[in-house]
Amino acid sequence: METETKQKAILCVDDEAIILITLQKELRKQLGNLFQYETATNAEEAMEVIDDLVSVGVNVILILSDWLMPGIKGDEFLILVHRKYPDIRSILITGHVDAAAVDRVKREAGTYTVISKPWDVNKLMEAVKVCCNLN
């Protein structure tokens, strides 16, 4: 299958650098070199990263996105991504949960789950593995 030979990526989006570093470190620790791990500090930058990766043939499998970010919020961002790239899975990670945004992102972006900050590493990694078909 062609998708097996393609480089695969997971994108982490958060406006706090420490969160991005922590997520990247945890993903690498748990999943090793199975994926390329990319980061972005806001929705606009994240969309550029996705477009760039796709243009060079990298298969973006999953986005882990914060909800409360300057500019476009995580739910709006994930809905935009889903419209353009319907095969990319997503997980919303947030310290501030808005029930309407949660319902909307699950319904309109097909977001797999919403995980609260501070996250439980086992819960987060279980969700990542489901989204990446590693179970």
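What counts, and at which threshold
- Residues numbered from 1 in each chain as written.
- Predicted model: local features only at pLDDT ≥ 70, side-chain atom pairs only at ≥ 80, totals over all residues.
- Heavy atoms only, no water.
- Axes fitted to C-alpha atoms, helices over the stretch in contact; angles between N-to-C directions.
- Helix = DSSP H or I, 4+ residues; strand = E, 2+ residues; numbered from the N terminus.
- Parallel < 35°, antiparallel > 145°, perpendicular 65-115°, else oblique.
- Contact = heavy atoms within 4.5 Å.
- Nonpolar A, V, L, I, M, F, W, Y, C, P; charged D, E, K, R; others polar.
- UniProt positions renumbered as here; feature names shortened; annotations may be inferred.
- Buried < 20%, exposed > 50% of the residue type's maximum accessible area, 1.4 Å probe, protein only.
- Core = buried A, V, L, I, M, F, W, Y, C linked by side-chain atoms within 4.5 Å.

**Structural notes on the packing of helix α4 (residues 74-84) against helix α5 (residues 99-109)**
Item 1. Running from amino to carboxyl end, α4 crosses α5 at an angle of 5°, the nearest separation of the two axes being 9 Å. For the element pair α4 / α5, the angle class is roughly parallel. Residues Asp75, Glu76, Leu78, Ile79, His82 and Arg83 of α4 touch α5, and the partners they reach there are Ala101, Arg104, Val105, Glu108 and Ala109.
Item 2. In the contact of α4 with α5, the residues fall into five nonpolar, one polar and five charged.

**Side note on the UniProt feature "modified residue: 4-aspartylphosphate" (unreviewed entry) in the protein**
Item 1. UniProt records the feature "modified residue: 4-aspartylphosphate" (unreviewed entry) for Asp66 in the present numbering.
Item 2. Overall, the relative accessible area of 3% leaves aspartate 66 in the buried class.
Item 3. Not counting chain neighbours up to four residues away, the residues in contact with aspartate 66 comprise Val13, Asp14, Asp15, Gly74, Leu92, Ile93, Thr94 and Lys117.

**Description of the nonpolar core**
Item 1. Residues Leu11, Val13, Ile50, Ile63 and Phe77 are the most contacted members of the largest nonpolar core, which totals 25 residues.
Item 2. Put simply, the parts of the chain that give this core at least two residues each are β1 (8-13), α3 (43-55), β3 (59-66), α4 and α5.
Item 3. Examining the composition of this core, we find that six residues originate from one element, α3, more than from any other.
Item 4. Those residues in contact with isoleucine 63 that lie beyond four places of it in its chain are Leu11, Val13, Ile50, Phe77, Leu78, Val81, Ile88, Arg89, Ser90 and Ile91.
Item 5. One finds Leu64, Ile91, Leu124 and Ala127 within the second-largest nonpolar core, a separate group that totals 22 residues.

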